[in-house]
Amino acid sequence: MHFMLTTLKVVHVLSTPIPELEEDDTVENLRRQSKWENNDYICRWHILNGMSDPLFDIYQNVEYAKELWDCLEAKYMAEDSSSKKFLVTDFNNYKMVESRSVMEQFNELLRILGQFTLHGLKMDETISVSSIIDKLPPSWKDFKHNLKHGKDELSLIQLGSHLRIEESLRAHEDNKGKGKEIDDVIAWWIDSGATTHVCKDRFWFKTFVPVEDGFFLYMGDDHFAPVEGKGNVVLEFSSGKTITLFNVLYVPKLRKNLISGPVLNKLGYKQITRQPFKSITRKSIILELIHSDLCDLHATPSLGNKKYFVTFIDDASRFCYVYLLHAKDEALDKFKIYKTEVEVQRNMLIKTLRTDRGGEYYDPVFFQSVGIIHETTAPYTP
């Protein structure tokens, strides 16, 4: 914020008082005061514009920018001085639970330890490893005992590897005989559309540097995910050969680890690509097939504070309806509104609704009751 105010050339009002006028002041002094008041107005409203709604309601009536700035400094500088204590408390009080993935919780603890470094706090790695082992859920009691009484001291990377393998084995045992395919929790996927390597798990990194808040990764599905660090990852194949991936981004919110196909190509690796889709034949009858997709407005909601929109496109006419949503679970309600309108106007019935595999349309009872076939497709396919 201070940098932006400096760029706008109004930051001086935070340190200089308003020029005082005398009864017989010159025109030049009047202009100087008018300019200061204008700059103060711009400065104050830029600060207010960066606040959340609750903070704006509290500080909107502060008269001058300097007074507003001083209030915020007094509040948040004091909070920052105690943030180290909160970090230590968060780490010490953290307990893993049975209802969540152990690896997911392990990565959260690594994130807290990463904040230690940013705040100048140091914790011996042996103590960190021992503390995390103690936080494992009760069902991991025997595994915890084996780790604590092992001969070799573990690093955080080695501990993460042990936890991942154990969790993978437990998932395999839980699903054995059910005929379900289990995701390979240690898999890396080559993505021809990715412009950089991305990893969702902290333990893979051989070298790691945290990044400051505000760095986001733009995803192929038009979403953004925060980047919490970057570094190098060494992958070992079953043949024993290894490959080092440089400048890998750490993005915990991803569901898969991605290797950038274009980056590998630049390094001389060859990539097998799939054949393009064959030509598609459009429907010739209106309402015979409706395509629908749900999109995120990201950080810029509508004037009504709606954060999503859903589209309904008729395959024959290509006519599109758009509805704004507060939440994703409103999509099916909007489809019912759309269905009623177009069927009455066209005096025809919708035959098929085609969507991706998002859960917002999961209501088989509704579709069966109205006789509509709900088709689902893989993402990015016709």
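In this report, the structure presented in the accompanying data block is examined. If you're wondering where the values come from, they're calculated on a predicted model, not measured in any experiment. (Residues numbered from 1 in each chain as written. Predicted model: local features only at pLDDT ≥ 70, side-chain atom pairs only at ≥ 80, totals over all residues. Heavy atoms only, no water.)

Some words on the overall build of the protein chain
If you tally the helices and strands in the protein chain, you get 12 helices and 13 strands. Considering the protein chain as a whole, with its 382 residues, one finds that 32% of them fall into the buried category. Working note: accessible area of the protein chain is about 25,400 Å², and carbon and sulfur atoms make up 54% of it. (Helix = DSSP H or I, 4+ residues; strand = E, 2+ residues; numbered from the N terminus. Buried < 20%, exposed > 50% of the residue type's maximum accessible area, 1.4 Å probe, protein only. Areas by Shrake-Rupley, 256 points an atom, 1.4 Å probe, with all protein chains shown as cover.)

Description of the packing of helix H7 (residues 125–134) against helix H8 (residues 141–148)
Orientation of H7 relative to H8, taken along the N-to-C sense of each, is 160°, at an axis distance of 10 Å. As judged from the angle between their axes, H7 and H8 are roughly antiparallel. The interaxial crossing formed by H7 with H8 has left-handed handedness. Between H7, through Ser130, Ile133 and Asp134, and H8, the contact on the second element is made entirely by Lys144, Leu147 and Lys148. (Axes fitted to C-alpha atoms, helices over the stretch in contact; angles between N-to-C directions. Parallel < 35°, antiparallel > 145°, perpendicular 65-115°, else oblique. Left-handed = near helix turned anticlockwise from the far one by under 90°. Contact = heavy atoms within 4.5 Å.)

Structural notes on a nonpolar patch on the surface
A surface patch of nonpolar side chains, about 250 Å² in accessible area, is lined by Met1, Met4 and Leu8. Mapped onto the secondary structure, Met4 falls in helix H1 (residues 2–7). With a relative accessible area of 34%, Met4 lands in the partly exposed category. (Patch = residues over 30% accessible without salt bridge, like charges linked within 9 Å, V, L, I, M, F, W, Y side chains within 5 Å. Salt bridge = Lys/Arg side-chain N within 4 Å of Asp/Glu carboxyl O.)

Re helix H2 (residues 27–49)
For H2, which comprises 23 residues, the first-to-last C-alpha distance of 33 Å matches the rise-based estimate of 33 Å (1.5 Å per residue) to within 8%. Here H2 has its buried residues at Gln33, Trp36, Asn39, Asp40, Cys43, Arg44, Ile47 and Leu48. (Expected span 1.5 Å × (residues − 1).)

Digging into the nonpolar core
Ranked by internal contacts, the top residues of the largest apolar core, which has 36 residues, are Phe106, Ile132, Leu136, Leu159 and Leu163. Counting residues per element, the ones that place at least two in this core are helix H5 (83–93), helix H6 (102–118), H7, H8, helix H9 (156–175), strand E6 (229–236) and strand E7 (242–250). If one sorts the elements of this core by residue count, H6 sits on top with 8 residues. Apart from the residues within four sequence positions on either side, Leu136 is in contact with Met96, Val102, Phe143, Lys144, Leu147 and Leu163. Counting 19 residues, the second largest nonpolar core, distinct from the first, contains Tyr308, Phe335, Tyr338 and Val342. (Core = buried A, V, L, I, M, F, W, Y, C linked by side-chain atoms within 4.5 Å.)

Observations regarding unusual backbone geometry
One non-glycine residue, Asn247, adopts positive backbone phi at about 55°. Locating Asn247 in the fold gives a position in strand E7. Looking at Asn247, the relative accessible area reads 52%, which means it is exposed. The phi angle at Leu287 is positive, at roughly 75°, despite the residue not being glycine. Considering the arrangement of structural elements, one finds Leu287 in the loop between helix H10 (261–266) and strand E9 (289–296). Note on Leu287: relative accessible area 2%, which makes it buried.

Quick look at the environment of Leu235
Residue position: Leu235 is located in strand E6. A relative accessible area of 11% places Leu235 in the buried class. A C-alpha to C-alpha distance of 8.5 Å links Leu235 and Trp204, two positions 31 residues apart in sequence. Not counting residues within four places of it along the chain, the set of residues in contact with Leu235 comprises Trp188, Trp204, Lys241, Thr242, Ile243, Leu245 and Ile259.

Notes on the environment of Cys295
You can see Cys295 is positioned in strand E9. Sequence separation between Cys295 and Phe309 is 14 residues, and the spatial gap between their C-alpha atoms is 5.5 Å. Discounting residues that sit within four places of it in the chain, Cys295 has contacts with Lys307, Tyr308 and Phe309.

Digging into a negative patch on the surface
Negative charge collects at one region of the surface, where Asp124, Glu125, Asp152 and Glu153 lie side by side. Locating Glu125 in the fold gives a position in helix H7. (Lys, Arg positive; Asp, Glu negative; His and termini not counted. Charge placed at Lys NZ, Arg CZ, Asp CG, Glu CD.)

Focus on the pattern of salt bridges
Within this structure, the stated rule accounts for 10 salt bridges. With a shortest N-O distance of 2.5 Å, Arg100 and Glu108 are connected by a salt bridge. The exposure class assigned to Glu108 is partly exposed, which follows from its relative accessible area of 24%. Across the salt bridge formed by Asp201 and Lys200, the nearest N and O atoms sit 3.1 Å from each other. Overall, Asp201 belongs to the buried group, its relative accessible area being 3%. Shared partners join several salt bridges into a network, and the residues in it are Arg100, Glu104 and Glu108.

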